[in-house]
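Residues per chain are reported as follows:
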Amino acid sequence: MLLLSSLRPAMMRPPQLLVRQTHYRVKRLDGVPTTTYILRNIRTSPWRLNLITKLVRRMWVPEALTQLKFCQKRFAPTVAEAIQEAAKKAGLEHELVSEELEVERAFVTPAPFKKKIDYKAKGMSGVIRNRSGHITIVLAKLPFDKYINDAKNWRQKQKWSLRAEEAMKERKRVLGDFADVPLAANDDSTSSSKANKNKA
């Protein structure tokens, strides 16, 4: 009896459920600036939109825009517009150009849908749901040095080296003399200026 009573709590425990790790549970890198942009109320099924956003996850932003340019899905230009707006927001918030960014996360959430009456035979009816969704794009700054050092072969190293050079050229073209100023220095200068204004 003692043996059965000791085993009974273990037998009555509920089974542990396996939680699926979805695309939006990606572990973020510490200290990496990220920018989030949400494009709301797109009049199409979230399932169809998610097929397009899956295409560009974990991609370099210029490469993602090129893939969407030749994608034959109807709402591929809409996803490309969301990525471009997120890149503009990253430029305003963190002074980053699109060549320095990657699509860290891209997913679709359901939005409110409209209902219509679906008239059927013999006096019956149903409901038509016109669905819509929100696109969420999260862009993160690319750690080029880390990717170059962790490259498994010379082709990957050459690819990331060329992308780093292209990003630096675009940064110099857009920012000019401020291209070589590190991001931390810009954040410190903006925070100090805000503190001076508050004191005044």
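In this numbering scheme, every chain counts its residues from 1 along its sequence in written order. For a predicted model such as this one, the threshold for reporting local features is a pLDDT of at least 70, and the threshold for listing and counting side-chain atom pairs is 80 or more; totals across whole chains, interfaces and linings nevertheless cover every residue. Side-chain measures were taken over the full set of non-hydrogen atoms in the model, leaving aside hydrogen atoms and water.

Draft legend 1. Region of the structure containing the overall build of the chain. Strands are runs of DSSP state E lasting at least two residues, helices are runs of H or I lasting at least four, and both sets are numbered from the N terminus onward. In terms of regular secondary structure, the chain is built from seven helices and three strands. Counting from the amino terminus, helix and strand elements in the chain follow one another as α-β-α-α-α-β-β-α-α-α. A total of 200 residues make up the chain; the buried ones form 32% of that total. At a minimum sequence separation of 6, the contacts of the chain that also span at least 24 residues come to 70%. Three labels apply to residues, based on accessible area from a 1.4 Å probe with only protein chains included: buried if under 20% of the type maximum, exposed if over 50%, partly exposed otherwise in between. The contact criterion used is simple: two residues touch if any of their non-hydrogen atoms lie within 4.5 Å.

Draft legend 2. The arrangement of the pattern of salt bridges in detail. Take a side-chain nitrogen of Lys or Arg and a carboxyl oxygen of Asp or Glu: if they are within 4 Å of each other, that pair is a salt bridge. Evaluated as defined, the whole model comprises six salt bridges. Between Lys146 and Asp150 there is a salt bridge whose closest N-O contact spans 3.3 Å. Asp150 sits in the partly exposed class, given a relative accessible area of 47%. Among the salt bridges present, the one from Arg173 reaches Glu170, with a minimum N-O distance of 2.5 Å. Remark: Glu170 and Arg173 occur in helix H6 (residues 154–175); sequence separation between them is three residues, near one turn of the helix.

Draft legend 3. Representation of the sheet that holds strand E2 (residues 101–119) in the model. The rule for pairing is simple: two strands pair if DSSP sees at least two bridges between them. If you walk across this open sheet you meet the three strands as E1-E3-E2, and the pairing is antiparallel. Edge positions in the sheet fall to strand E1 (34–42) and E2, since each has one partner strand and no second. Each strand axis lies, on average, 15 degrees off the axis of its neighbour in the sheet, ignoring direction. To define axes, lines are fitted to C-alpha atoms, for helices over the stretch in contact only, and angles between the resulting N-to-C directions are given on a 0 to 180 degree scale. The sheet strands contacting helix H2 (residues 46–56) are E1, E2 and strand E3 (125–141), and the helix crosses E2 at an angle near 170 degrees.

Draft legend 4. Focus on the packing of helix H3 (residues 61–69) against helix H4 (residues 76–94). At their nearest, the axes of H3 and H4 sit 9 Å apart, and the two run at 160 degrees to each other. Between H3 and H4, the crossing angle belongs to the class labelled roughly antiparallel. In terms of crossing hand, the pair formed by H3 and H4 is left-handed. For the pair H3 and H4, contact is made by Val61, Ala64, Leu65 and Leu68 and by Ala76, Val79, Ala80, Ile83 and Gln84, respectively. Throughout this description, any angle smaller than 35 degrees is read as roughly parallel, any larger than 145 degrees as roughly antiparallel, any in the 65 to 115 degree range as roughly perpendicular, and the remainder as oblique. When the near helix sits turned anticlockwise from the far one by under a right angle, the crossing is termed left-handed; a clockwise turn instead gives a right-handed crossing.

Draft legend 5. View of the environment of Arg171. Tracing the backbone through its elements, the reader meets Arg171 in helix H6. Considered as a pair, Arg171 and Val97 are 74 residues apart in the sequence and their alpha carbons are 6.2 Å apart.

Draft legend 6. Region of interest: the confidence of the model for the chain. The pLDDT score gives, residue by residue, the confidence of the prediction method on a 0 to 100 scale. Mean pLDDT over the chain works out to 82, with 74% of the residues at or above the 70 mark. Within the chain, the lowest mean pLDDT, 51, falls on helix H7 (residues 183–199), and the highest, 95, falls on H3. In the predicted structure, residues 16–26 sits below a pLDDT of 50 and forms eight contacts with residues beyond four places in sequence or in another chain.

Draft legend 7. Focus on H2. Among the residues of H2, Pro46, Leu49, Ile52, Thr53 and Val56 are the ones counted as buried. For H2, the arc enclosing every buried residue in end-on projection is 120 degrees, short of the 170-degree limit, so these residues lie on one face. Facing away from the buried side of H2, by more than 90 degrees, are the exposed residues Trp47 and Arg48. Contacts from the buried residues of H2 go to E1, H3, H4, E2 and E3. Directly after H2, the chain includes Arg58, whose backbone phi takes a positive value near 60 degrees. When we speak of the arc, we mean the arc of directions from the helix axis to the C-beta atoms.

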